[in-house]
Amino acid sequence: MVEVAHNFGIVDTILFVGSLLVAIAVGVYYAYVDRNMSSLDNYYYAGKKISPIAVGFSCAVTFISSITVLSIPVMTYTHGTVIIWYFATNIVAMLPGVIYFIPLIHRLQLPSIFEYLERRFHSVVKKACTVVFCFYQIMWMAIATHLTAIALNIVSPMSVSLSIILTICICAFYTTLGGIKAVVWVDTIQSFIMAAGIIAVTVQTSISIGGMGEALEAMAQKGLNNFWKYDP
């Protein structure tokens, strides 16, 4: 195993621990605020009164996980700018859902897409799709959690096992206490942390190599400026 020199200073520790404490505090806050509202509608759906902007940030962060943040730069470094087509095809695939399915589910006031499958087809279809989705999500969360743990292990003295346990425990804690409100607002806070991190890395890397012009020139020399090349 490659030995990594950790440069995890006091500022890094404060920011890291602070972000974890904020997540815990959000869960405790909503557990206290909603202590007299024990309905499932409030716990799972926030009484349908939560900010749509926060929901949007939460949905974005849910799917822009460590898998995306860590793998896309590597794929771009390996394959070049042609990877941008991956995002373009994602947008095309999302359009039917945004234009048709989400408004439909909203009009029907259904708690999930699985309820629609039961009404439109059969309960067997609902159960089968639920099982497949749960299996997919478990595998996806396992990969995302493990990648996060590896990244933390590289930049900090924290072991992979400890990072996984800490992540699972804290997520379970604030989710169990605060319900969907805690999840949405923790995701919203994390979206700003992720954006700040990506911007900081981009700026620092650009400064280190001498600017974006140097980066584009290096990409051109390595044949990675290949957005319009479709030859596999």
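The structure contained in this document is the topic of the report that follows. (Residues numbered from 1 in each chain as written. Predicted model: local features only at pLDDT ≥ 70, side-chain atom pairs only at ≥ 80, totals over all residues. Heavy atoms only, no water.)

If you look at the biggest cluster of nonpolar residues, it comprises eight residues: Ala-23, Val-26, Tyr-30, Ile-170, Tyr-174, Ala-182, Val-183 and Val-186. The biggest single contributor to this core is helix H8 (residues 160–209), with five residues. Aside from chain neighbours lying at most four places away, what touches Ala-23 is Ile-170, Tyr-174 and Val-186. (Core = buried A, V, L, I, M, F, W, Y, C linked by side-chain atoms within 4.5 Å. Buried < 20%, exposed > 50% of the residue type's maximum accessible area, 1.4 Å probe, protein only. Helix = DSSP H or I, 4+ residues; strand = E, 2+ residues; numbered from the N terminus. Contact = heavy atoms within 4.5 Å.)

Below, the discussion takes up the side chain of Ser-156. Take Ser-156: it is sitting in the loop between helix H7 (123–155) and H8. For Ser-156, the side chain forms a polar contact with the main-chain oxygen of Leu-152, separated by 2.5 Å. (Polar contact = N/O pair within 3.5 Å; in protein donor to acceptor, adjacent residues only side chain to side chain.)

Applying the stated rule across the entire model yields three salt bridges. For Asp-34, the salt bridge is made with Lys-181, and the minimal N-O distance between the two is 3.2 Å. A residue pair is termed long-range when its members are at least 10 positions apart, and Asp-34 in the loop between helix H1 (10–33) and helix H2 (40–45) and Lys-181 in helix H8 qualify at 147 residues. Both residues of the pair, Asp-34 and Lys-181, belong to the buried class. Lys-126 is paired through a salt bridge with Glu-115; the nearest N and O atoms lie 3.0 Å apart. Taken together, the positions of Lys-126 in helix H7 and Glu-115 in helix H6 (residues 113–120) put the pair eleven residues apart, joining distant regions of the chain. The exposure class of Glu-115 is partly exposed, given its relative accessible area of 22%. (Salt bridge = Lys/Arg side-chain N within 4 Å of Asp/Glu carboxyl O.)

Moving on, we come to the packing of H6 against H7. Where H6 meets H7, the closest approach of the two axes is 7 Å, and the angle between their N-to-C directions is 150°. In this view, H6 runs roughly antiparallel relative to H7, as classed from their interaxial angle. Judged by the twist between their axes, the crossing of H6 over H7 is right-handed. Along the contact surface, H6 presents Phe-114, Glu-115, Leu-117 and Glu-118, while H7 presents Ser-123, Val-125, Lys-126, Cys-129, Thr-130 and Phe-133. Within the contact of H6 with H7, the residues separate by chemical class into five nonpolar, two polar and three charged. (Axes fitted to C-alpha atoms, helices over the stretch in contact; angles between N-to-C directions. Parallel < 35°, antiparallel > 145°, perpendicular 65-115°, else oblique. Left-handed = near helix turned anticlockwise from the far one by under 90°. Nonpolar A, V, L, I, M, F, W, Y, C, P; charged D, E, K, R; others polar.)

With 33 residues, H7 extends 48 Å from end C-alpha to end C-alpha; this agrees with the ideal 48 Å at 1.5 Å per step. Burial in H7 covers these residues: Gln-137, Trp-140, Ala-144, Thr-145, Ala-149 and Leu-152. In this fold, the buried residues of H7 make contact with H1, helix H3 (52–63), helix H4 (66–79) and H8. (Expected span 1.5 Å × (residues − 1).)

Two elements in contact, H3 and H8, have axes separated by 8 Å at closest approach and are oriented at 65°. With respect to each other, H3 and H8 are oriented roughly perpendicular. For the element pair H3 and H8, the recorded crossing hand is left-handed. Only Val-183, Val-184, Trp-185, Asp-187, Thr-188, Gln-190, Ser-191, Phe-192 and Met-194 of H8 make contact with H3, whose side of the interface consists of Ala-54, Val-55, Phe-57, Ser-58, Val-61 and Thr-62.

Quick look at the packing of aromatic side chains now. One pass over the structure, following the stated rule, counts six aromatic pairs. Aromatic side chains Tyr-29 and Tyr-30 sit 5.0 Å apart centroid to centroid with 80° between the ring planes, which places their arrangement in the edge-to-face category. On the basis of an interplanar angle of 75° and a centroid distance of 5.2 Å, the ring pair of Tyr-86 and Phe-87 is categorised as edge-to-face. Residue classification places Tyr-86 among the partly exposed residues on the basis of a relative accessible area of 43%. (Phe/Tyr/Trp six-rings, centres within 6.5 Å; stacked < 30°, edge-to-face > 60°.)

Shape is all these values report; function is a separate question.
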